[in-house]
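Per-entry structural report
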Amino acid sequence: MTVKSIVTNIVCVFIVAPVVAALIVWAAMVLRPDPPPQTMSPHATSSQTASIRPAPHTPVSGRTVYMANCARCHGASGDGKGTEQLDRPARSFLDGGFSFGNTTEAIRRVVQHGIAGTPMPGFAGVLGKAQTDAVVKYVKAMTPPTPEVGDEAEFVVTDRPQVVRGMLPARGPWDVLQPRGLLVGGTDGLTLSYDTDDVRFRVARQGPFARRTDWEGRGGTPLEPLGRIIHFAGPAAPFWKDASPIAAEFLGTTTRGDHASIRLAVGDAVIVEEARTSSHETLPGYVRILRVSGDATGVKMSIPSFEAPVALGERSGWHWWRGGNDVFGVQGAQPSGDQIALPQVGTVRLLVLPGIDAARAGAAGIPVGMPTS
Ligand code: HEC
């Protein structure tokens, strides 16, 4: 082998071959057709993702979203005079009277989940984040500057959750005063009241929070919850074991971030419960989230229905019940007659959709027509 052929070999192997190989790889990348869109999955690799050109950035117009989704009820100018006939008038935003809070966060919650017991639908499944942001900003901009809250006796809905203990008024002529009551209000204007004696849920309200009529706090006059009642609990004891009611013990409340929770002990379990507005499809309601620790084996919970609840079966991941015009959905616990059997540990969701007639419930995929109990 000559020196020349050795040099030629070295050049071929170490210089020409890599360059040719690199050219082939480059050509393969450049000439490869874009993958068809249906092959894109959430697990797409970054090189696939990079080949998708992002849509040009078009800002979402709050006015467009408003005109398309809100104006028919709230009016094109926000004066509350829309074209749709409603049994409850929609809000005029121009007056600034927000009963469910006028912080950006409060308006966003209302838009996402609607207002239980009213025609105000939830838009969580209809509007994307950018559209929701835009319409919330648009609605907020329609309202006059917020007057400072002057009435010190009133606990208003703010951007922080509120917890007040005290005497609660009777819920109706059939009810009695509750001396050891508890009001837990969220930033979304949802307030749940409990009787701390047996940690019994009494009623859910939506709207302003409460007024204290008795500043001495010596047990004279009751607190005055201000929101509108959207859901009454029934007379059934909340917790059961071996077919008998068992008393729960109130352990306290915790306020963290934008929600407050209550803690209770029942049997060998500790339950931490919080509530927030929620919706199913566009049906507005609220959800109680119960985090069960310790051991709740054998503990059953009543469906908090004013009228005797009827089981409707399972659909779209929820077990459904109906009591009067209220619809209940349960996740994370098994139905047991007209009660639910708590898991040993875990998270139970109790969704309440108040004031929903059968037609609306059926349209939202709730199996109203077929009782299974
Ligand atoms: C089907 C009719 C209807 C549609 C559509 C509708 N609303 Fe409403 N909305 C209502 C009614 C009725 C109320 C008042 C509920 C009550 O308090 O009785 C309301 C209340 C509200 C409130 C609460 C005001 C307060 O008192 O705190 C906000 C915010 C709101 N709507 C925003 C919107 C936005 C934004 C849209 C569109 C994305 C929209 N609504 C679409 C009927 C509607």
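In this report, the structure presented in the accompanying data block is examined. (Residues numbered from 1 in each chain as written. Predicted model: local features only at pLDDT ≥ 70, side-chain atom pairs only at ≥ 80, totals over all residues.)

1. Some words on the overall build of the protein
When helices and strands are tallied, the protein shows 7 helices and 21 strands. Out of the 373 residues in the protein, the part that is buried amounts to 36%. (Helix = DSSP H or I, 4+ residues; strand = E, 2+ residues; numbered from the N terminus. Buried ≥ 20, exposed ≤ 12 C-beta atoms within 10 Å, placed from the backbone.)

2. Brief notes about the sheet that holds strand S5 (residues 200-206)
The antiparallel open sheet is built from 5 strands, whose spatial order is S2-S3-S4-S5-S8. Where the open sheet ends on each side, the last strands, each with one partner, are strand S2 (162-168) and strand S8 (228-232). The mean inter-strand angle of the sheet, taken between neighbouring strand axes irrespective of direction, is 25°. (Pairing = 2+ DSSP bridges. Axes fitted to C-alpha atoms, helices over the stretch in contact; angles between N-to-C directions.)

3. Details of the pairing of strand S3 (residues 178-185)
The buried fraction of S3 amounts to 6 of the 8 residues, a majority that puts the element mostly inside the structure. Sheet topology places S3 next to strand S4 (residues 190-195); 5 bridges connect them, and they run antiparallel. Bridge pairing in S4 links Gly 185 to Thr 191. A loop of 4 residues connects S3 with S4, the two strands running antiparallel in sequence, and Gly 189 in this loop sits at a positive phi of about 80°.

4. Observations regarding the site of the ligand
Around the ligand sit 24 residues in total, of which Cys 70, Cys 73, Phe 98, Phe 100 and Met 120 are the nearest. Sorting the residues of the shell around the ligand by element identifies helix H4 (71-74), helix H5 (104-113) and helix H6 (129-142) as the ones contributing at least two each. Within the shell around the ligand, the residues separate by chemical class into 16 nonpolar, 4 polar and 4 charged. (Near = placed C-beta within 6 Å. Nonpolar A, V, L, I, M, F, W, Y, C, P; charged D, E, K, R; others polar.)

5. Some remarks on the pairing of strand S16 (residues 310-315)
With 5 bridges joining them, S16 and strand S17 (residues 318-323) adopt antiparallel strand pairing. Bridging from a neighbouring strand, Arg 315 pairs with Trp 318 of S17. The turn linking S16 back onto S17 is made up of 2 residues, and Ser 316 within it adopts a positive phi angle of 45°.

6. As for the packing of H5 against H6
As a packed pair, H5 and H6 sit with axes 10 Å apart at the nearest point and diverge in direction by 120°. By the criterion of interaxial angle, the relationship of H5 to H6 is oblique. Note that H5 runs across H6; the crossing there is right-handed. Between H5 and H6, the contacting residues are Thr 104, Ile 107, Arg 108, Val 111 and Gln 112 on the first element and Thr 132, Val 135, Val 136, Val 139 and Lys 140 on the second. (Parallel < 35°, antiparallel > 145°, perpendicular 65-115°, else oblique. Left-handed = near helix turned anticlockwise from the far one by under 90°. Contact = placed C-beta atoms within 7 Å.)

7. What about H5?
With respect to burial, H5 is a largely interior element, 8 of its 10 residues being buried. When we look at burial in H5, the residues that qualify are Ala 106, Ile 107, Arg 108, Arg 109, Val 110, Val 111, Gln 112 and His 113. Residues of H5 that are buried sit in contact with H6, strand S13 (268-280) and strand S14 (283-295).

8. As for the sheet that holds S17
Remark on secondary structure: sheet strands pair via backbone hydrogen bonds, oriented parallel or antiparallel. Reading across the sheet, the 8 strands line up as S11-S12-S13-S14-S21-S18-S17-S16 and stay open at both edges, with antiparallel pairing between neighbours. At either end of the open sheet lies a strand with only one pairing partner, and these are strand S11 (249-256) and S16. Sheet twist, expressed as the mean angle between neighbouring strand axes with direction ignored, is 25°. Where strand S18 (residues 326-331) lies against strand S21 (residues 346-353), 5 bridges are found, and the strand directions are antiparallel.

9. Here we look at the nonpolar core
If you look at the biggest cluster of nonpolar residues, it comprises 76 residues, and the most contacted ones within it are Val 135, Phe 328, Leu 342 and Leu 350. Built from parts of two domains, this core gets at least three residues from each of domain 1 (62-142) and domain 2 (154-363). The residues touching Leu 342, leaving out its near neighbours within four places in the chain, are Val 292, Ala 296, Val 299, Lys 300, Met 301, Ala 333 and Val 348. (Core = buried A, V, L, I, M, F, W, Y, C linked by C-beta atoms within 7 Å. Domains from an automatic or database assignment.)

10. Comments concerning unusual backbone geometry
Residue Val 199 is not a glycine yet carries a positive backbone phi of 50°. With respect to the helices and strands, the residue Val 199 is situated in the loop between S4 and S5. Positioned with a positive phi, Asp 242 is a non-glycine residue whose angle comes to about 50°. Here Asp 242 lies in the loop between strand S9 (239-241) and strand S10 (244-245).

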